[in-house]
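So the chains spell out like this:
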Amino acid sequence: MDYFEQFRVKPDSKVKLEKIDAGFKNTHISAKSARKETEEQVEKMRELQYLMYAEGKRSLLICLQGRDAAGKDGTINHVLWAMNPQGCKVQGFKVPSAEEAAHDFLWRYHKSVPSKGQVTIFNRSHYEDVLVVRVHNLVPKSVWSKRYEQINNFEKMLTDNGTHILKFYLHIDADEQLERFKARIDDPTKHWKISDSDYSERPHWDEYTKAFENMLRKCSTDYAPWFVIPSNHKWFRNLAISHIINTSLESLKMKFPEPKVDINEIRSRYHEIVNRENGN
Ligand code: ADP
């Protein structure tokens with residue numbers, strides 16, 4: 001299966017989230033049956049990130065959005081597990097601080113985009129400004145409705161400057177969210193994850209659906225695509241996301257940089273040292 005094309009939102013296409021099966025798992029029946037394929041993808045991701053780090057020319061920005069308990073943290077664990085921490089960073093976004101709110105809405109995001117050779121994962125992203133902000137009327141419609149185009153322009157500028165962008169919407173259904181809320185209540189080690197907003201946002205389910213669908217339709221572009229990832233099964237979500245990251249990084253045709261030294265000369269100097277130290 002071509003995961004990249006299967007889950008990519010085609011530019012300007014209407015997405016109906018309720019028609020997309022959040023429990024989809026392709027031909028796999030369980031986490032166990034997908035383990036080998038996932039491990040292979042993780043290994044490939046490790047190699048590609050190493051190459052990106054070594055090449056030092058391009059960067060990768062991964063944006064994660066989803067409803068509460070959709071699995072943003074779990075996805076980050078999975079992706080980071082594959083990567084060298086020196087070349088990878090996670091940036092979360094909460095309610096803007098006074099300083100952030102005093103700037104244009106993209107300011108705080110722009111400050112955190114990856115530098116060349118680096119991967120950055122946005123745990124929530126600039127899309128909050130057309131999601132929570134829209135659902136709760138934190139700014140008037142005349143302001144948020146212009147943001148789709150502003151976001152597209154921002155992302156175009158980033159990609160033109162070597163930042164590769166992948167955006168994942170983690171799609172869970174309403175039953176799965178309730179089950180995950182329950183699991184959090186039942187497990188004392190997960191109590192810290194429970195937030196008041198999980199419960200206050202749930203009644204706005206349909207308004208969020210509309211906001212997500214608009215975001216997907218208006219901001220999935222050829223240069224910065226959105227992917228709707230079926231995420232009821234965490235293992236399938238991880239598998240699909242690793243495939244997509246790999247397909248995408250492979251398309252960059254990255255290359256190791258030329259050595260800064262003459263390798264033949266260095267090799268003979270190495271042998272000289274070995275011979276001298278062995279008394280030859
Ligand atoms: P998380 O759920 O990401 O683990 P929190 O529970 O602290 O972390 O949630 C962060 C909160 O910040 C969310 O409710 C989110 O909607 C809110 N938030 C993020 N960005 C913005 C924004 N631009 N404007 C208003 N609220 C925002």
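For the structure itself, consult the block above.
(A) How the structure looks around the overall build of the chain. From N to C terminus, the chain includes 13 helices and five strands. Taken along the three principal axes of its C-alpha coordinates, the chain extends 80 × 45 × 35 Å. Buried positions account for 46% of the 280 residues belonging to the chain. Approximately 15200 Å² of the chain is accessible, and the part contributed by carbon and sulfur atoms is 52%. Counting 44 positive and 40 negative side-chain charges, the chain places the centres of these two groups 2 Å from one another.

(B) Highlighting the pattern of salt bridges. For the coordinates displayed, the defined rule picks out 18 salt bridges. A salt bridge links R8 to E5; its shortest N-O distance comes to 3.1 Å. By relative accessible area, which is 17% here, R8 ends up buried. A salt bridge links E100 to R108, with the nearest nitrogen and oxygen atoms 3.2 Å apart.

(C) Quick look at the site of the ligand. As a structural note, the neighbourhood of the ligand is formed by 13 residues, with K94, V95, R108, R124 and E128 the closest of them. In this structure, K94 approaches the ligand through a side-chain N or O atom, which is 2.8 Å from an oxygen atom. Between the ligand and D129, the relevant distance is 3.4 Å, taken from a nitrogen atom to a side-chain nitrogen or oxygen of the residue. Relative to its free-state accessible area of 570 Å², the ligand is covered by the protein chains to the extent of 76%. Listing elements by their share of the shell around the ligand, those giving two or more residues are α5 (107–110) and α6 (132–135). By residue class, the composition of the shell around the ligand is seven nonpolar, one polar and five charged.

What counts and how
Residues numbered from 1 in each chain as written. Predicted model: local features only at pLDDT ≥ 70, side-chain atom pairs only at ≥ 80, totals over all residues. Heavy atoms only, no water. Helix = DSSP H or I, 4+ residues; strand = E, 2+ residues; numbered from the N terminus. Buried < 20%, exposed > 50% of the residue type's maximum accessible area, 1.4 Å probe, protein only. Areas by Shrake-Rupley, 256 points an atom, 1.4 Å probe, with all protein chains shown as cover. Lys, Arg positive; Asp, Glu negative; His and termini not counted. Charge placed at Lys NZ, Arg CZ, Asp CG, Glu CD. Salt bridge = Lys/Arg side-chain N within 4 Å of Asp/Glu carboxyl O. Near = heavy atom within 4 Å. Polar contact = N/O pair within 3.5 Å; in protein donor to acceptor, adjacent residues only side chain to side chain. Nonpolar A, V, L, I, M, F, W, Y, C, P; charged D, E, K, R; others polar.

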